[in-house]
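# Descriptive structure summary
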Amino acid sequence: MEHPRQRKKGRKAEGSKEKRSPGKPLDGKHQTQQTRTPCVQCLVVFCAVLGLLTTVLMILPCPADPQEYSFSAPPKLEGPLAPNTILSRAEHLVEGKVAGPESLVTYKGDLYTGTADGKVLRIRGEEVTLVGRTGTPPCGTYETEPTCGRPLGMRVDSLGNLYIADAYLGLLKMNISTGEHETLIPMDVEVAGHKMMFPNDLAMDRDGVIYLSDSSLTWQRRDVFSLVLEMKPEGRVLRYDTKTKQVRQIMDGINFANGVELSPDQSYLVVAETSTARILKHHLHGDHAGRTEVLTDNLPGLPDNIRHSSRGGYWVALAATRGTKGPNVMDAIQARAWLKRLIFKTIPTNLLLHAAPKYGLILEIDETGTIVASYHDPDAASIAGGSEIHEHDGHLYIGSYFARFIGKLAMEELDRL
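What you see is a predicted model; the values in this text were computed from it and never measured.

Our focus in this paragraph is the environment of A373. Of note, A373 is situated in strand β23 (residues 371–377). For the pair A373 and A82, spaced 291 residues apart in the sequence, the C-alpha separation amounts to 8.8 Å. When neighbours within four sequence positions are excluded, A373 is seen to be in contact with P80, I362, L363 and E364.

Glancing now at unusual backbone geometry. In this structure, the amide linkage connecting P137 to the following residue, P138, adopts the cis form with an omega of 10°. In this structure, P138 sits in the loop between β5 (127–133) and α3 (145–148). Even without a glycine there, the phi angle at A192 is positive, about 55°. Locating A192 in the fold gives a position in the loop between β10 (190–191) and β11 (194–195). One non-glycine residue with positive phi stands out, namely M231, at about 60°. Note that M231 resides in the loop between α4 (224–230) and β14 (235–241).

Of all six residues in strand β12 (residues 199–204), five are buried; the element is thus mostly enclosed. As paired elements, β12 and strand β13 (residues 209–214) share four bridges and run antiparallel to each other. The partner of P199 across the bridge, within β13, is D214. Here β12 folds back onto β13, and the loop between the two strands holds four residues, one of which, G208, carries a positive phi near 85°.

Another aspect to go through is the packing of aromatic side chains. The final tally for this structure, using the stated rule, is five aromatic pairs. For the pair Y69 and F71, a centre-to-centre distance of 4.9 Å together with 65° between the ring planes defines the contact as edge-to-face. Measuring from ring centre to ring centre gives 6.3 Å for W219 and F344, while their planes differ by 15°; the resulting arrangement is stacked. Taken as a pair, W219 in the loop between β13 and α4 and F344 in helix α6 (residues 337–346) lie far apart in primary sequence, 125 residues in all. This pair shows no difference in class: W219 is buried, exactly as F344 is.

Summed over all chains, the structure comprises 17 salt bridges. Note that D117 is salt-bridged to K119, the shortest N-O span being 3.7 Å. Under the relative-accessibility criterion, K119 is labelled partly exposed at 25%. We note a salt bridge from R416 to E413, for which the minimum N-O separation is 3.3 Å. Its relative accessible area of 44% is what places R416 among the partly exposed residues. Residue classification places E413 among the buried residues on the basis of a relative accessible area of 19%.

Looking now at the sheet that holds strand β21 (residues 314–321). As summarised here, the arrangement of the four strands in space is β20-β21-β22-β23, forming an open sheet in which the pairing is antiparallel. Only two strands of the sheet have a single neighbouring strand rather than two, namely β20 (301–308) and β23. Each strand axis lies, on average, 25° off the axis of its neighbour in the sheet, ignoring direction. Taken together, the four bridges between β21 and strand β22 (residues 360–365) define a ladder with antiparallel strand orientation. If you follow Y314 over to β22, its bridge partner there is I365.

Moving on, we get to the nonpolar core. Within the largest apolar cluster, 35 residues are counted, with the highest numbers of intra-cluster contacts made by F198, V270, I279, L363 and I365. Sorting the residues of this core by element identifies α4, β17 (268–273), β20, β21, α6 and β22 as the ones contributing at least two each. A per-element tally of this core places α4 first, with four residues. If we skip the residues at most four places from it in the chain, I279 touches V270, V271, V294, L295, T296, L299, I306, V316 and I365. In terms of nonpolar packing, the next biggest core, distinct from the first, is built from 17 residues, W315, I362, F405 and L414 among them.

Okay, the layout of surface pockets next. Computed from the structure, the largest pocket encloses a volume of approximately 660 Å³. Looking at the largest pocket, it is lined by 25 residues, and the ones nearest its centre are G140, Y142, E145, R221 and R222. Broken down by secondary-structure element, the contributors of at least two residues to the lining of the largest pocket are α3 and α4. When its residues are assigned to classes, the lining of the largest pocket shows twelve nonpolar, six polar and seven charged. Each pocket or cavity is described by its volume, and for the second largest pocket that value is around 350 Å³. Contributing to the lining of the second largest pocket are 17 residues, with V156, M204, D205, R206 and Q266 lying nearest its centre. Looking at side-chain class alone, the lining of the second largest pocket contains six nonpolar, six polar and five charged residues.

Spatially, β1-β26-β25-β24 is the arrangement adopted by the four strands of the open sheet, whose pairing is antiparallel. Since the sheet does not close on itself, it has two edges, and those belong to β1 (91–93) and β24 (388–392), each with one partner. Geometrically, the sheet is characterised by an average inter-axis angle of 30° between neighbouring strands, direction not taken into account. Examined bridge by bridge, strand β25 (residues 395–399) and strand β26 (residues 406–410) share four bridges and lie antiparallel to one another. The residue bridging H395 from the neighbouring strand is A410, located in β26.

Assignment of secondary structure puts R322 in the loop between β21 and α5 (329–334). Side chain to side chain, R322 and D331 meet in a polar contact 2.7 Å long.

Rules and cut-offs
- Residues numbered from 1 in each chain as written.
- Predicted model: local features only at pLDDT ≥ 70, side-chain atom pairs only at ≥ 80, totals over all residues.
- Heavy atoms only, no water.
- Helix = DSSP H or I, 4+ residues; strand = E, 2+ residues; numbered from the N terminus.
- Contact = heavy atoms within 4.5 Å.
- Buried < 20%, exposed > 50% of the residue type's maximum accessible area, 1.4 Å probe, protein only.
- Pairing = 2+ DSSP bridges.
- Phe/Tyr/Trp six-rings, centres within 6.5 Å; stacked < 30°, edge-to-face > 60°.
- Salt bridge = Lys/Arg side-chain N within 4 Å of Asp/Glu carboxyl O.
- Axes fitted to C-alpha atoms, helices over the stretch in contact; angles between N-to-C directions.
- Core = buried A, V, L, I, M, F, W, Y, C linked by side-chain atoms within 4.5 Å.
- 1 Å grid on protein atoms, 1.4 Å probe; cavity = no way out; pocket = protein on both sides within 12 Å on 5 of 7 lines; lining within 4 Å.
- Points joined across faces, edges and corners; volume = space filled by probe spheres on them.
- Nonpolar A, V, L, I, M, F, W, Y, C, P; charged D, E, K, R; others polar.
- Polar contact = N/O pair within 3.5 Å; in protein donor to acceptor, adjacent residues only side chain to side chain.

Encoded structure:
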């Protein structure tokens, strides 16, 4: 027979068990412990992962030596820089028939350009004809670009000789009729102790002297975004005499030496210093021969090629803009070397192209470097960026390092605000 006390004790025990059943809420102390435990575990894991990532990033070698550069605030879009929509009226010439028409020249009424697939093309209306190639196919990839060739700056003389700065093959001279070409300055020739790494643009005087920009001593054209991001003054300008075949360096210490143009009297050279958003003036003759000064500073974008304007002064193509739309991301990045090192270690630098605002803008400056006019496409409806503005027969032809057309705008449109 079961003892009465045992039965009572058993019932009490069963009751106690019911009170602690899963359906009953726990007291405050137990609830806090259960809530804190997962949070603490997550925090520990997060800190461990962050510490590991930081350690790895510190150990990983940086493929560049990025320098800090602090820009002034971009100029306000007012006065000569006041927004308009003139550039959005540009038509697209030979759309889909060209790839990255960087530089443009005219000879006997025909337009010539060099493209991203190593071709030199003749353009007559909407008809496109292959003149020649600077390199050899295949083309179209990072690996094949150096052998494919990349014709950039171009000039033509009165005899139909086309002078080309090819980013991988040096300074070339091409017969505009046959497409045959010869190399005037090979890439393996040392000038002032350095071989060329990135031939970019050229200007030619009346005596056959060529001024050639070499954008970097470190980076090739296919790594152009790394060149912009690193911000090291390793660009230069070379002088080549077509009569004596002699070449020498006349300028150095330039942050991405790019477009070059001679003054009308050929007494000085203007040079685009792309990474710093300014234009330099280098005296070739006279009392100040050999001296370099800043012609235009703090441009609203990164200047590419520079060409004469028939109205006096120069056309300046902007490859990208600063402070025209949204946050000024690139200026902020350039001021922080640690951030640039992090980017170099973790992100393909060509992705920075997507951080640049899509805004078409070209400038007209006078001989003192003052901006006298600007032409905009705020929504990049027609022109998203330019590499060169070539003026011919009452029209502006707008080149681009990435577009698949050539922009064309009648100069009479420039005054129709």
